[in-house]
Amino acid sequence: MRNSFAMLTYFQAAVIGVVQGVTELFPVSSLGHSVLVAAWLGGSWQKLVSPGESGTGTPYLAFVVALHVATALALIGYYWRTWCGIVAGLVTMVRTRRLDTVAQRMALLIVIATLPVAILGPLLEHPLHELFAAPICASVFLVLNGVVLIIGEGLRRRNEPTLAEYGRRFARQQTRTTLLTLEAPPRRQSDRQLAALDIRDAIGIGFAQAGALVTGFSRAGLTMVGGLWRGLENDHAAKFAFLLATPAILGAGLLELPELIGPETHGIRGPILFGAIISGLSSWLAVRFLERYFQTRTLLPFATYCIIAGLLSIAHFS
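Reference entry: report on the structure contained in this document.

Reading guide: rules and limits
- Residues numbered from 1 in each chain as written.
- Predicted model: local features only at pLDDT ≥ 70, side-chain atom pairs only at ≥ 80, totals over all residues.
- Heavy atoms only, no water.
- Helix = DSSP H or I, 4+ residues; strand = E, 2+ residues; numbered from the N terminus.
- Buried < 20%, exposed > 50% of the residue type's maximum accessible area, 1.4 Å probe, protein only.
- Contact = heavy atoms within 4.5 Å.
- Areas by Shrake-Rupley, 256 points an atom, 1.4 Å probe, with all protein chains shown as cover.
- Phe/Tyr/Trp six-rings, centres within 6.5 Å; stacked < 30°, edge-to-face > 60°.
- Lys NZ or Arg CZ within 6 Å of the ring centre and 35° of its normal.
- Core = buried A, V, L, I, M, F, W, Y, C linked by side-chain atoms within 4.5 Å.
- Axes fitted to C-alpha atoms, helices over the stretch in contact; angles between N-to-C directions.
- Parallel < 35°, antiparallel > 145°, perpendicular 65-115°, else oblique.
- Left-handed = near helix turned anticlockwise from the far one by under 90°.
- Nonpolar A, V, L, I, M, F, W, Y, C, P; charged D, E, K, R; others polar.
- Salt bridge = Lys/Arg side-chain N within 4 Å of Asp/Glu carboxyl O.
- Polar contact = N/O pair within 3.5 Å; in protein donor to acceptor, adjacent residues only side chain to side chain.
- Expected span 1.5 Å × (residues − 1).

1. With respect to the overall build of the protein
Scanning the protein from terminus to terminus reveals 15 helices and 0 strands. The buried share of the protein, reckoned over its 318 residues, is 53%. The contacts of the protein with a sequence gap of at least 6 include a subset with a gap of at least 24, amounting to 82%. Put simply, the protein shows about 14,900 Å² of open surface, and 67% of that area lies on carbon and sulfur atoms.

2. Digging into the environment of Ser313
Along the chain, the position of Ser313 falls in helix α15 (residues 300-317). Residues Ser313 and Val37, 276 residues apart in the sequence, show an inter-C-alpha distance of 9.9 Å. In contact with Ser313, other than residues within four places in its own chain, are Leu36, Trp40 and Ser139.

3. Looking at the side chain of His68
Along the chain, His68 falls in helix α4 (residues 59-78). Using a relative accessible area of 17% as the deciding quantity, one classes His68 as buried.

4. Structural notes on the packing of aromatic side chains
The geometry of two aromatic rings is summed up by the distance between their centres and the angle between their planes. On inspection of all chains with the given rule, the structure shows 11 aromatic pairs. On the basis of an interplanar angle of 70 degrees and a centroid distance of 5.7 Å, the ring pair of Trp40 and Phe317 is categorised as edge-to-face. Remark: Phe317 occurs in helix α15 and Trp40 occurs in helix α2 (residues 30-41); sequence separation between them is 277 residues. A relative accessible area of 42% means that Trp40 is categorised as partly exposed. The class for Phe317 is partly exposed, based on a relative accessible area of 25%. Taken together, the aromatic side chains of Phe26, Phe289, Tyr293, Phe294 and Phe302 make up a single cluster linked through ring pairs. In this structure, Arg230 is placed above the aromatic ring of Trp229, and the distance from its NZ or CZ to the ring centre is 4.7 Å.

5. Section: the nonpolar core
Membership of the largest hydrophobic core comes to 50 residues, with the highest contact counts inside it found for Phe240, Phe242, Phe294 and Phe302. A total of 9 residues in this core trace back to one element, the largest contributor, which is helix α12 (residues 234-255). With residues near it in sequence (within four places) discarded, Phe240 still touches Leu109, Ile110, Ala113, Leu194, Leu197 and Ile205. Counting residues in each nonpolar core, the second largest holds 14 residues, with Leu48, Val64, Ile268 and Ile272 among its members.

6. Some remarks on the side chain of Ser218
Inspection of the secondary structure puts Ser218 in the loop between α10 (199-210) and α11 (219-229). Given a relative accessible area of 1%, Ser218 falls into the buried group. Those residues in contact with Ser218 that lie beyond four places of it in its chain are Phe26, Pro27, Val28, Ser29, Asn145 and Ala212.

7. Overview of the packing of helix α1 (residues 10-23) against helix α14 (residues 269-293)
At a minimum axis distance of 7 Å, the contact between α1 and α14 shows a crossing angle of 30 degrees. With respect to α14, the element α1 is oriented roughly parallel. Pair α1 / α14 crosses with right-handed handedness. Contacts between α1 and α14 pair Tyr10, Ala13, Ala14, Gly17, Val18, Gln20, Gly21 and Val22 from the former with Gly270, Pro271, Phe274, Gly275, Ile278, Ser279, Ser282, Ser283 and Ala286 from the latter. Residues belonging to the contact of α1 with α14 are distributed by class as follows: 9 nonpolar, 8 polar and no charged.

8. A short note on the pattern of salt bridges
Tallied over the full model, the rule gives 4 salt bridges. A salt bridge links Arg219 to Glu24; its shortest N-O distance comes to 3.2 Å. Of this pair, Arg219 sits in helix α11 while Glu24 sits in the loop between α1 and α2, placing them 195 residues apart in sequence. Taking the relative accessible area as the measure of exposure, Arg219 reaches 18% and is therefore buried. Here Asp198 and Arg200 are joined by a salt bridge, their closest N and O atoms 3.4 Å apart. Given a relative accessible area of 62%, Arg200 falls into the exposed group.

9. Describing α11
A large share of α11 lies buried, amounting to 10 of its 11 residues. Every buried residue of α11 is accounted for by Arg219, Ala220, Gly221, Leu222, Thr223, Met224, Val225, Gly226, Gly227 and Leu228. Put simply, Ser218 is the residue that caps the front of α11, since its side-chain oxygen is 3.4 Å from the backbone nitrogen of Ala220. Once α11 finishes, Gly231 follows within two positions and takes phi at roughly 100 degrees, a positive value.

10. Thoughts on α10
Between its first and last C-alpha atoms α10 spans 17 Å; for 12 residues at 1.5 Å apiece the expected length is 16 Å, and the two agree. Within the sequence span of α10, burial applies to Asp201, Ala202, Gly204, Ile205, Gly206, Ala208, Gln209 and Ala210. Looking at where α10 begins, the residue whose side-chain oxygen comes 3.2 Å from the main-chain nitrogen of Arg200 is Asp198.

Shown next, in the form of structure tokens:
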């Protein structure tokens, strides 16, 4: 029998690409929305996200891989200056075994914070997705995601009096006084705030990101809440979440790359490529919007949306 996914149209690829590109970075769960949007629409849309009993070797998995890689490339492109500094800092850190610059500390923190999802992801991602892929499960966890975002905002307000400590924290962690000047461009000041995190902060934020392996929880949302828990402001927590998401999303995509070039995608590579392009553009616009949004605003509107959408979905699918 011909696989139903072979009927994927360019319109469907574009819609799913937009949903993936936006919800991967908005704190509202991309995986949860991929399940719920298709379930709400029903019909051929539902078949697109129902790859079958095997769960592997399917065209839908290949499509998701393409969308994830596109999102990761969009994040690398948006933060390319920051990533150039981080990669250079990582190389220098490995070669000299020193932590003397903001870039070196950023590199170390991202490596450490990526370890939980790098270890747990290959072990738990597919089992958890299969276990909680039902629309009712995604709905419940979407509500819980909203609750977690509200808790995160409470943590931010509790930590507000300690935010001024970041300059002193960073200074205590450095050995070269030339790095302690506060005369830096705004983007570099943001990196300085992130570099003030310590190893325990990175581990905590990393485990928060790993919570998004459960369908309905947002990678960006949980990582931001982890950053707020460790004392970051909303805009700094958002930037660290986007930086931290990049290796996680790209790594997961590259591991599944054989699915993208396998025989299952023959005849639908055009829609897959089109959806990936749409997803990448959507991700670029999403991160650009969110970086500005979190300079003055909070997670509460996203929390409200998650709770309302989740409750409506529970009522619909129960």
